[in-house]
Structures are given as structure tokens and as C-alpha cells.
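What follows is the residue order along each chain.
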Amino acid sequence: MPRPATTGPRGYAFDNDSPHSAHHHASLEGALDPLTLGHLQEAGVAPGMNCLEIGAGAGSVSRGLLRLVSPGGTVTATDIKPGRIAPEPGLTVLTHDVTTDPLPRSAYDVVVARLVLQHLPERQAVLRRLVGALVPGGLLQVDEFDAGHEPCLLAPSPEDAGLYERFTTAKAALMRAGGGDPTWGRRAAAALREAGLTGLRIRPHVLLRAPGTPALGLQLHHLAHLAPRLLDSGFTPAELDRLGSMMRAPEFAAATGVLYSVQGRRPLRIPTADTPAVPRGTTRDTIPSPEAT
């Protein structure tokens, strides 16, 4: 398996510039967008609302949000490397590092963070800043996996099942080495409460990884992304090849970890700490208020 040309940013295991990213994001879209966007729609996301998605990746959630809030609404999609997101009317795409760059205060009706915070050592500080970017009564949705248990359900042989378990254990260790927490999904609800949100709603989901499913496609692209680091962690090229072949075999099935989709709202009357408001205008590290776009 070829080594990617670049490595991911600190804390994030999967680089947006990797040659594997397009298929990775397509698998994410197929596996998770119905859940993410369905929960937002159920929460009342509607035309005219102003929305922010951080860590937007290839932008499928942001485009889905735009459909929910049109006409009259706006979506701002941010990422450290947002080059895979094409802007369109109502959708603003910005390069932005949520760990260091400012956010406007009390600007958004809806903020979405999917599979971002578990990768960030500063996740609780980032959460507080996201809460501060909400209008009073605004909605934050965080979707995060608890990848502490990703069981193999079927494999061609017991040895294959053991190899898959080694892979999922090594993947979690690589996330931890970058400052991430692969089990953070189980703590997301408590973290949102600690950040000052109320009216929490928690939905857990487990997906099947079997040939032909987007969830298995996601795991196969994790394998491709991480191949160089897995080799450095003690896997042989033959073992990585076997993993890829085995996961595509009709005798294989596994479960994802639990995806926790957690929603909460900024209280109407209780102030929440956040970052200062920033001047209007678009730069690398400044997000304008939606009414300025």
C-alpha cells in the first residue's frame, strides 16, 4: 500500500489531502449523513436559520444543512483544509482552525460537529467556544464514535478475527498518540452539559460493517490511510494485504463502535463563556457573522 504524500494535522489521523480522502468522505456520507441530517431535521432545523459546521470535510453535511435552511438560511462550512468543499449560494467555505481561530459570538441558530472533537486534545475548550457561537436557544449537535469496542462478528477464520482485533486496537492507539480519544463518544453528553447546554437528547447507533456497506468502506479507507503508521507499529505488508482481502470477503462482518449523536441547546438566560466577537469580514482566521455574508 502506498504511503500518503502528507501526514494529517496534530490530533487528526486522517488527512484531507490524502489520495484516499475522496472515497473516505463518500463512505462517511453514505453511512452517517442520514443519521446526522435526520436528527437535525427532527430538532426543527428549518428555512431561514443560520448554521455553522466545523471540520466539514468534503461538505456533505453542510450541503444537506443548506437544503434544510433554504430559502433564506445560510451555512458556513469550516475546515483546516476545506479544498474539497465547493461554495454555492448560501454556503460559505472558510479555512479555519477551531482550536485557535476566533468565532463570532451569538451568531448561529445551529452548530454541527461530526467526528471532530474526539480528535482534539482541546475538545472541552472548543465545546465552550461552540456554545458561545450559538444564539440563546440555539442548537449544538455533536456526533462522535466510541470506538473502544468494534467487534468482529464473522471472519473466514479465527486467525482473521484476531488480526482484525489487532487492527482496531492499533487504530485506537494511533488516535491516542495524536492526542485524540477514540472512546470520547461515550462522554460527549456529559461534556455538552459541562459546557452549559441544556435539554440534552442522546441517540446511540451501531452500524454493520459488511461487504457493500458504507460502514465497511469507511473501515477499509481507515486501513488505507493508516497503512504506513500500521507498518511502523509492527504489522507486516502481508498482514495489511490480508486485512483488506478478509474485510471484503463474504464471510466477514463486524460492528462499528457506538455512534453517539448528542444535541443540546444554549440556555435562553444563563450566560455562557465564549470567545469575543470578531470584526466582520472573511480571512483565514475570522468567520463573519452570518448576516454579514
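So, a few notes on the structure that sits alongside this text.

## As for the overall build of the chain
In terms of regular secondary structure, the chain is built from 7 helices and 10 strands. Sequence-distant contacts, at least 24 apart, represent 78% of the contacts inside the chain between residues at least 6 apart. For the chain, the accessible surface area stands at approximately 12200 Å², while carbon and sulfur atoms represent 56% of it.

## Here we look at unusual backbone geometry
Residue Pro71 is reached from Ser70 by a cis peptide bond, and omega for that bond is 0°. Despite not being glycine, Ser106 has its phi angle at roughly 50°, a positive value. Checked against the element boundaries, Ser106 lands in the loop between β3 (91-95) and β4 (108-114). For Ser106, a relative accessible area of 31% gives the class partly exposed. In this structure, Leu115 takes a positive phi of about 55° despite not being glycine. Residue position: Leu115 is located in the loop between β4 and α3 (123-133). What makes Leu115 buried here is its relative accessible area of 14%.

## Comments concerning the environment of Ala191
With respect to the secondary-structure elements, Ala191 resides in helix α5 (residues 188-194). Taking the C-alpha atoms as reference points, Ala191 and Arg123, separated by 68 residues in sequence, lie 9.0 Å from one another.

## Focus: the sheet that holds strand β2 (residues 74-79)
Strand order across the open sheet formed by 7 strands is β3-β2-β1-β4-β5-β10-β7, with mixed pairing between neighbours. A single partner strand is all that each edge strand has here, and the edge strands are β3 and β7 (198-205). The mean angle between the axes of side-by-side strands here comes to 15°, regardless of whether they run parallel or antiparallel. One ladder, built from 4 bridges, connects strand β1 (residues 50-54) with β2; its direction is parallel. Across the sheet, Asn50 pairs through a bridge with Thr74, a residue of β2. Here helix α2 (residues 60-69) sits on the sheet in contact with β1, β2, β3 and β4, set at roughly 170° to β2. Relative to the sheet, α3 contacts β1, β4 and β5 (134-146), its axis offset from that of β5 by approximately 145°.

## Comments concerning the pairing of strand β10 (residues 258-265)
Across the 8 residues that make up β10, a large majority, 6, are buried. With 6 bridges joining them, β7 and β10 adopt antiparallel strand pairing. Paired with Arg203 across the bridge in β10 is Ser261.

## Observations concerning the pattern of salt bridges
As a working rule, side chains carrying opposite charge can pair if their charged atoms are close by. With the rule as written, the count across this model stands at 8 salt bridges. With its nearest N and O atoms 2.8 Å apart, the salt bridge here joins Asp33 to Arg114. Placement of Asp33 in helix α1 (residues 21-42) and of Arg114 in strand β4 is noted, with a sequence separation of 81 residues between them. For the pair shown, Asp33 and Arg114 are each scored as buried.

## A look at helix α6 (residues 214-232)
Here α6 spans 28 Å end to end across 19 residues, near enough to the 27 Å set by a 1.5 Å rise per residue. Along its length, α6 reaches its greatest deviation from straightness, about 65°, at Leu226, and the proline Pro228 lies no more than four positions downstream.

## Topic: the packing of aromatic side chains
Tallied over the entire structure, the rule returns 2 aromatic pairs. Taken together through their ring pairs, the aromatic side chains of Tyr164, Phe167 and Phe252 make up a single cluster. Of note, Arg166 hangs over the ring of Phe235, and the distance from its end group to the ring centre comes to 4.2 Å.

## What to know about a nonpolar patch on the surface
On the surface, Leu153, Leu154 and Leu208 cluster together to form a nonpolar patch covering roughly 290 Å² of accessible area. Within the secondary structure layout, Leu154 lies in strand β6 (residues 152-154).

## Some words on α3
Helical periodicity: at 3.6 residues per turn, an α-helix aligns residues three or four positions apart in one direction. Among the 11 residues that make up α3, 9 are buried, leaving the element largely enclosed by the rest of the structure. Along α3, the positions that sit buried rather than exposed are Arg123, Gln124, Val126, Leu127, Arg129, Leu130, Val131, Gly132 and Ala133. The elements touched by buried residues of α3 are β1, β4, β5 and α5.

## Topic: the sheet that holds β6
Sheet architecture is open: 3 strands sit in the order β6-β9-β8, paired in antiparallel fashion. Looking at which strands have only one partner, the edges of the open sheet turn out to be β6 and β8 (208-209). Pairing of β6 with strand β9 (residues 253-255), which is carried by 2 bridges, proceeds in the antiparallel orientation. Across the sheet, residue Cys152 finds its bridge partner in β9, namely Ala254.

The rules behind each value
Residues numbered from 1 in each chain as written. Predicted model: local features only at pLDDT ≥ 70, side-chain atom pairs only at ≥ 80, totals over all residues. Heavy atoms only, no water. Helix = DSSP H or I, 4+ residues; strand = E, 2+ residues; numbered from the N terminus. Contact = heavy atoms within 4.5 Å. Areas by Shrake-Rupley, 256 points an atom, 1.4 Å probe, with all protein chains shown as cover. Buried < 20%, exposed > 50% of the residue type's maximum accessible area, 1.4 Å probe, protein only. Pairing = 2+ DSSP bridges. Axes fitted to C-alpha atoms, helices over the stretch in contact; angles between N-to-C directions. Salt bridge = Lys/Arg side-chain N within 4 Å of Asp/Glu carboxyl O. Expected span 1.5 Å × (residues − 1). Bend = angle between axes of the 7 residues up to and from the residue. Phe/Tyr/Trp six-rings, centres within 6.5 Å; stacked < 30°, edge-to-face > 60°. Lys NZ or Arg CZ within 6 Å of the ring centre and 35° of its normal. Patch = residues over 30% accessible without salt bridge, like charges linked within 9 Å, V, L, I, M, F, W, Y side chains within 5 Å.

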